[in-house]
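The lines below spell out each chain.
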Amino acid sequence: MIGNVNRFCRPPGNRPPTEEEATMCKPFLLREIASVLPEVIVVMGNTATRNLLNAKARNNKAAWRIQDYHGVKVMPTFHPAYLLRDPSKKQETWNDLKKVRDYLETTRSVNS
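Summarised in this report is the structure supplied together with it. (Residues numbered from 1 in each chain as written. Predicted model: local features only at pLDDT ≥ 70, side-chain atom pairs only at ≥ 80, totals over all residues. Heavy atoms only, no water.)

## Overview of the environment of Arg-101
Then step 1. Assignment of secondary structure puts Arg-101 in helix H4 (residues 90–111).
Then step 2. Relative accessible area serves as the criterion here: at 39%, Arg-101 is assigned to the partly exposed category.
Then step 3. In the structure, Arg-101 is positioned 61 residues away from Val-40 in sequence and 9.6 Å away in space, judged by C-alpha atoms.
Then step 4. For Arg-101, the side chain forms a polar contact with the side chain of Asp-102, separated by 3.1 Å. (Helix = DSSP H or I, 4+ residues; strand = E, 2+ residues; numbered from the N terminus. Buried < 20%, exposed > 50% of the residue type's maximum accessible area, 1.4 Å probe, protein only. Polar contact = N/O pair within 3.5 Å; in protein donor to acceptor, adjacent residues only side chain to side chain.)

Below is the structure:
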């Protein structure tokens, strides 16, 4: 599943949503998460991280880690568009995705 806090109400000019716009759209995203019940959500970029986790996102990922969001594990990482602007962050993003893979492999081996 690919979700987007703006899918149902995209701001003009592809700008980041205002806090009010994100608040109005968030219930749609939360219903999608509740209906799919994903094991892990990979949150890509500052806007997604800020709006889903109510966190101060920043491009310094030192504080980013797999965390819990209402029983679902969430891994914030860089947005693909950011990686096009700063390819040096691709390795960090790859490492984030490997953490997700390792988490899934661990939980699946424990549950089988």
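This is not the end of the story, as more comes after the structure.
## A few points about the environment of Lys-99
Then step 1. Relative to the helices and strands, Lys-99 resides in helix H4.
Then step 2. Placed 24 residues apart in sequence, Lys-99 and Met-75 show a C-alpha to C-alpha distance of 8.5 Å.

## A short note on the nonpolar core
Then step 1. Of all hydrophobic cores here, the largest spans nine residues; its members are Leu-29, Ile-33, Ile-41, Val-43, Leu-52, Leu-53, Tyr-69, Val-72 and Val-74.
Then step 2. Going through the elements one at a time, helix H1 (19–36), strand S1 (40–44), helix H2 (46–53) and strand S3 (72–77) are the ones with two or more residues in this core.
Then step 3. With residues near it in sequence (within four places) discarded, Val-43 still touches Ala-48, Thr-49, Leu-52, Val-74, Met-75, Pro-76 and Thr-77. (Core = buried A, V, L, I, M, F, W, Y, C linked by side-chain atoms within 4.5 Å. Contact = heavy atoms within 4.5 Å.)

## Re the sheet that holds strand S2 (residues 67–69)
Then step 1. Within the open sheet, the three strands sit side by side as S1-S3-S2. Their pairing is mixed. Here the strands that pair on one side only, and so sit at the sheet edges, are S1 and S2. Each strand axis lies, on average, 40° off the axis of its neighbour in the sheet, ignoring direction.
Then step 2. Across three bridges, S2 lies against S3 in antiparallel orientation. Following the sheet pairing, Tyr-69 is matched in S3 by Val-72.
Then step 3. H2 rests against S1, S2 and S3 of the sheet, and its axis sits at about 130° to S1. (Pairing = 2+ DSSP bridges. Axes fitted to C-alpha atoms, helices over the stretch in contact; angles between N-to-C directions.)

## Let's talk about the packing of aromatic side chains
Then step 1. By the definition in use, this model includes one aromatic pair.
Then step 2. Ring centres of Phe-78 and Tyr-82 lie 5.2 Å apart, and the angle between their planes is 20°; on these two criteria the pair is classed as stacked. (Phe/Tyr/Trp six-rings, centres within 6.5 Å; stacked < 30°, edge-to-face > 60°.)

## A word on H1
Then step 1. Here H1 spans 25 Å end to end across 18 residues, near enough to the 26 Å set by a 1.5 Å rise per residue.
Then step 2. At Cys-25, H1 is deflected by roughly 35°, the largest bend along its length, and proline Pro-27 occurs up to four residues later in sequence.
Then step 3. Looking only at H1, the buried set comprises Ala-22, Cys-25, Lys-26, Leu-29, Glu-32 and Ile-33.
Then step 4. Where H1 is buried, its residues meet S1, H2 and S2.
Then step 5. Just downstream of H1, Leu-37 is the residue with a positive phi angle, here 50°. (Expected span 1.5 Å × (residues − 1). Bend = angle between axes of the 7 residues up to and from the residue.)

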